[in-house]
Every structure is written in C-alpha cells, then in structure tokens.
Amino acid sequence: MEDQDARSDVLRLLPQVERAAEQPMPGGANEDELADLERRLEVPLPVELAEWLRICKGEAICAGGVFEALPDQEHLDIAATGALNPRWRELGWLPVAGDGCGNYYVLINYYLLINSGDLLGKVAFVDTISDPNIVEYIAGGDLWTFLSSLLMRG
C-alpha cells in the first residue's frame, strides 16, 4: 500500500473507530504540544509521526490505544511509555500504540545509525514478556500503513 493511500485510509477510518460515548475525537496536537513532546523525548520527531499527531494527538482506541503527544494520560503518553523501557531510546524506538496486553508497537526512528537499513521507518511489534528489546515482527512497512491496519481492526 502506498503511503498516500494508507494516509487516506487512516483519515477515513479514524472517525469511524469505536470509542466510548463520552470520548470525543481529540483532534490533533498543536506545534507547542509537539515541541513539548520532542523536549521530553530529547529527540526530534520523525516527520510521519508529527504528521499523525497533528491529526490525532492520541486516544484510547483500538486494543491498547494510540499513543499521544500529551502527558495528561501517562499510560498513553509516548515519552512516558518510552521511559518504561530505557533501552528503546538507545535503539531509536518510539512507542506508537499498545496491544492491550502490555506489548507495544514501536516506530523504528531515523536518528540512530544503529537502525539504518531494513527496519528504518517501519513499525515493529515488541512482546515485552518475551524480550522487550527485540523486534518480534514487523507490523507495518511505515507508520501510515500500520495505522491503517490498526484502525481497520478497530
């Protein structure tokens, strides 16, 4: 699936995802919120992650939620979730969603040379019980393809 097609699917599917009646769509993060997230992460956000967060700053949808730019719900906060697994910073992994069972989907970030090659820019599933520092499998060839697949599963 091409990046633009996946992005279009995400925009179409996001309003349709089942959410609690009292939970309206949160909207996107503003530039100050993105800057705050970068400050807390101490790394620049990948372009595609910043684009996604401008559309949806994060919310408790799908099995384990899509993670957010704001620290108001620590269990959904990208920086707080990443801090639970300090090695992820070294690996250049940014948590983007949970599976509802304590495992995570991480975006393999661009800024570290260790991640150059085949995994760069992909979203990987990490089984925290098996080994929180090993990619279990690739869940998406890029962030938009992963999000499209996640939202389709609802």
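Asks: Which parts of the structure should I look at to understand the confidence of the model for the protein?
Replies: Predicted coordinates in regions of low pLDDT should not be interpreted in detail. Residues at a pLDDT of 70 or more form 93% of the protein, whose mean pLDDT is 87. Confidence scores differ between elements of the protein, with helix H1 (residues 3-13) showing the lowest mean pLDDT of 87 and strand S3 (residues 123-126) the highest of 96.

Asks: I tried to follow the pattern of salt bridges on my own but got confused; where do I start?
Replies: Once their charged atoms are close, side chains differing in charge can pair, the charge on each being opposite to the other. On inspection of all chains with the given rule, the structure shows eight salt bridges. Residue Asp 36 is joined to Arg 39 by a salt bridge in which the shortest nitrogen-to-oxygen separation is 2.5 Å. In this pair, Asp 36 and Arg 39 both sit in helix H2 (residues 31-41), three residues apart, roughly one turn of the helix. The exposure class of Arg 39 is exposed, given its relative accessible area of 55%. A cluster of three or more residues bridged by salt bridges with shared partners is formed by Asp 36, Arg 39, Arg 40 and Asp 77.

Asks: Where do I start with the state of the cysteines in this structure?
Replies: The bond known as a disulfide is covalent and runs between the sulfur atoms of two cysteines. For the coordinates displayed, the defined rule picks out zero disulfides. Of the cysteine sulfurs around Cys 56, a residue in no disulfide, the closest is that of Cys 62, at 9.4 Å.

Asks: Could you clarify how one ought to interpret the side chain of Asp 77 in this entry?
Replies: For Asp 77, the location among the structural elements is in the loop between helix H3 (47-55) and helix H4 (78-83). Of note is the side chain of Asp 77, whose polar atom sits 2.7 Å from the side chain of Arg 40. Each residue touching Asp 77, except ones within four places of it in the same chain, is listed here: Arg 40, Glu 68, Ala 69, Leu 70 and Pro 71.

Here is what the cut-offs are and how they apply
Residues numbered from 1 in each chain as written. Predicted model: local features only at pLDDT ≥ 70, side-chain atom pairs only at ≥ 80, totals over all residues. Heavy atoms only, no water. pLDDT = per-residue confidence, 0-100. Helix = DSSP H or I, 4+ residues; strand = E, 2+ residues; numbered from the N terminus. Salt bridge = Lys/Arg side-chain N within 4 Å of Asp/Glu carboxyl O. Buried < 20%, exposed > 50% of the residue type's maximum accessible area, 1.4 Å probe, protein only. Disulfide = S-S within 2.5 Å. Polar contact = N/O pair within 3.5 Å; in protein donor to acceptor, adjacent residues only side chain to side chain. Contact = heavy atoms within 4.5 Å.

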